Amino acid sequence: MNTYTKHEIVTGGFVVLAAAIFALFAFNILDIDLRIGSDLEPVQLTAEFTDVGALTVGDRVVFGGTEVGKVTGIAIKIDQLTREQADALNLKGSETVVRPGDNGQVIQVTFEVDDPNLRMDPATASVSISRASLLGRDQLALDPGRLPADADPIVSIGGKDMTPLAIAGQERLGFDGLLARAGPILTAAQATLDNFNDKILTDDNSNAVKSILARVDSAAEEAESFLTSAEATSDTVRGLTENVQGRIDEGWPATRAAIESLTQMAGTLEKQVELIGAEAVGLLAGADQVVRENRPEIAEATRRLRRTMFEAELLARKLRSNPSIVVFGDDDPLLDAELNDQAWLLRSGRAQPYQQRDENP
Amino acid sequence: MIALLSRVGLLAIALGLSALLALLGCGRKDGVAPIRSHFNLGVAHFDDQQWDAAAASYRRALSEDPSDRRARFNLAVTLELAARDAADEVEAAQLRTQSAEELEELLRRHPDDLRAMLNLAALAGEQDGLDAGRTKYQSATEAHPRSAEAFAAYASFLLGQEEPEDSADQAQRALAIDPGSFAGNVALGDAKLALGDLDTAAEAYETALRTHPDQPVVLRTLARLEFERGRAEEAEVYARRALLIDPDAPAVHRLASRIAEQQGAIESAVYHTWRARDLSSSPEQAERDRQTLSRLYGRLTTASAAE
């Protein structure tokens, strides 16, 4: 029988300990759960989106800022396609571009929820894709729906072998989406206003007036849709703010300031949207009356509507060019560079200051 | 043995070359990173327009060496610039007084310091009037009769006091000493511009640009000058160069917008006015930019309809 010295045993012990640490680290990296005897199985859920953005497998599922699960799969769902639709997707020799959502083709996100304290009603629950912070990863934000207070939590009835429950996926509306909707409205409004100016203010042409008013009505409908979208975005921003604000620690003053700025900006956006809406609705409602009564007021109405649309366009352009103004605001006085200080020194008869390593005072 | 000696010799040569290169690098103005000192830190803060931090750094440098004329002069300049940004006139007056005290202290320690003399003269002229300023500038030019900078500064002061003819004379004296003087050429250009002699002004500015091709102030002035002479293409080139160096200058964007509009490039004019509006710190100016933008959009719409 071999005998080992104390020194060898201690050394072997350290080797085993190091191996165990490496193994734990490897399990952790691979996300392998080593717990034994857990009596709760996570609930498997699915939701469908036309665009999942940067969401990936392993991303968090959150409720109220707290992690309650994770994304387990993302795949294009094609079993909804009929034969004709499948044929239509055969792009050989065709220049047709199939976009997400066309022909019932959607992205199915599978995820699991494993928090035993979460109450959820799959019939009214929904998930949306959000982002934890400006630089953070995407995540699934869970709205557990409307569940009666005395109902049992359903999270324990699932299991990996069960068919996943499907809940609603809410598409997010990014700035691009907002702008895509705003563009045609602005174009339509601009065309309407051109006709408004050119035709109404010249001859008494009642047919033309009717035609134009019909187009104004059409633009108003689109404008209303645009405003609804803008409000939804504003709500999303506010929701994100509240979500994140709940998790802000007192020790992060800079983050708190950024969040307060975000809240303020969301409020400003909302007010701006309300103002634009009120202006547009008021103008469009009064247009018919004004046309009949007198032309100077038409001119004023035209000018104001044009101004409103112009402001909306500028807002959209500013957001598109620099979305971070939503967080940080856009009135940075430091950007002003009128007659810089060096020029003032030069032109007021003063000498320039010494520079670094200027050796000849 | 010989091989060993040759290796040691090669090593010595390599070390010597390295030391020589290092010394040459230290002698270059832009060759190496600045030494971390309170003065250099002050310059860095000054360049960032952080007046409080710059003044604090210069004061630390002076606490280590009260005879450091560079730190004291820069402190005085910093205090004056801080006075320009002061919240109210009382604070501005206090800062200007502190600046004058620092300059007087500098002159007490170094009676021939030209920079201190010029800045004290400018302060005296602004506070006590033209004659007080003249006296001090004349003292400075008499003390430094071969300094083009002194005459150029005097010329700039006189122009600020609405004496363009005297200003032009002093600028000519500066250029007689040093025809390539940047400050002298700018002062002459400014004076001639005020007198309506656009050709001489343009010539002076172009001479200044030859020695300082990256001065946005001169580029902007030349752009305006060429625009007023009806040479929109040349004006556009100067405005573009100025914006390459300082893309956030609203005044240059406004000028570029006027140039573009005259050339019929309405979309470009809209872009520059839009930038000027966003960069403007004054609400009144921003409102004027909005009106310009609205007018330009009107022109753009008319042009599109015509097409």
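These numbers come from a predicted model, not from an experiment.

Caption draft 1: Region of interest: the overall build of chain B. A count of helices and strands for chain B gives 16 helices and zero strands. Counting only contacts in chain B whose residues sit at least 6 apart along the sequence, the fraction spanning at least 24 positions is 40%.

Caption draft 2: Structural detail: the sheet that holds strand β5 (residues 126-131) of chain A. All names here are of chain A. The eight strands lie next to each other as β7-β1-β4-β3-β2-β6-β5-β8, forming an open sheet whose pairing is mixed. In this open sheet, the two edge strands, each paired with only one partner strand, are β7 (165-166) and β8 (168-170). Pairing of strand β2 (residues 60-63) with strand β6 (residues 138-143) involves two bridges; the strand directions are parallel. Opposite valine 62, over in β6, you have alanine 141 as the bridge partner.

Caption draft 3: Local environment of the environment of leucine 41 of chain B. Residues and elements named next belong to chain B. Secondary-structure assignment places leucine 41 in helix α2 (residues 38-47). Given 19 C-beta atoms within a 10 Å radius, leucine 41 is considered partly exposed. With 12 residues separating them in the primary sequence, leucine 41 and alanine 53 have C-alpha atoms 8.9 Å apart.

Caption draft 4: Here's a closer look at the nonpolar core. With 83 residues, the main nonpolar core has Ala152, Ala155, Ala171, Ala187, Ala223 and Ala239 of chain B as its most contacted residues. For this core, the leading source of residues is helix α8 (residues 148-160) of chain B, giving 10 residues. Look past the residues within four positions of alanine 171 of chain B in its chain and what remains in contact with it is Ala152, Ala155, Gly184, Ala187, Leu188 and Ala191 of chain B. Phe49, Val61, Val62 and Ala125 of chain A belong to the second largest nonpolar core, which has 24 residues in total.

Caption draft 5: Spatial organisation of unusual backbone geometry. Residue and element names in this part refer to chain B. In this structure, glutamine 49 takes a positive phi of about 60 degrees despite not being glycine. With respect to the secondary-structure elements, glutamine 49 resides in the loop between α2 and α3 (51-64). On the neighbour-count criterion, glutamine 49 (15 C-beta atoms within 10 Å) is partly exposed. In this model, glutamate 162 sits at a positive phi of 60 degrees, which is unusual for a non-glycine residue. One can find glutamate 162 in the loop between α8 and α9 (164-177).

Caption draft 6: Examining the pairing of strand β1 (residues 43-49) of chain A more closely. All names here are of chain A. Where burial is concerned, most of β1 is hidden: five out of the seven residues are buried. Two strands pair when backbone bridges link them, and β1 and strand β4 (residues 106-113) are joined in this way by seven bridges, in the antiparallel orientation. Considered in β4, the bridge of glutamate 48 is made with glutamine 108. As paired elements, β1 and β7 share two bridges and run parallel to each other. Residue pairing for β7: leucine 45 is matched across the bridge by leucine 165.

Caption draft 7: Local environment of the confidence of the model for chain A. All names here are of chain A. Per-residue confidence for chain A gives a mean pLDDT of 65, with 34% of residues at or over 70. β2 holds the highest mean pLDDT among the elements of chain A, 88, whereas helix α7 (residues 325-328) holds the lowest, 50. In the model, residues 91-99 has pLDDT below 50 throughout and makes three contacts with residues more than four positions away in sequence or in other chains.

Caption draft 8: Expanded view of the environment of leucine 114 of chain B. Residues and elements named next belong to chain B. Structurally, leucine 114 is set in helix α6 (residues 114-128). Spatially, the C-alpha atom of leucine 114 lies 8.2 Å from that of alanine 143, the residues being 29 residues apart in sequence. Excluding its chain neighbours within four sequence positions, the residues that come into contact with leucine 114 are Ala140, His144, Ser147 and Ala150.

Reading guide: rules and limits
Residues numbered from 1 in each chain as written. Chains lettered and ligands numbered in written order. Predicted model: local features only at pLDDT ≥ 70, side-chain atom pairs only at ≥ 80, totals over all residues. Helix = DSSP H or I, 4+ residues; strand = E, 2+ residues; numbered from the N terminus. Contact = placed C-beta atoms within 7 Å. Pairing = 2+ DSSP bridges. Buried ≥ 20, exposed ≤ 12 C-beta atoms within 10 Å, placed from the backbone. Core = buried A, V, L, I, M, F, W, Y, C linked by C-beta atoms within 7 Å. pLDDT = per-residue confidence, 0-100.

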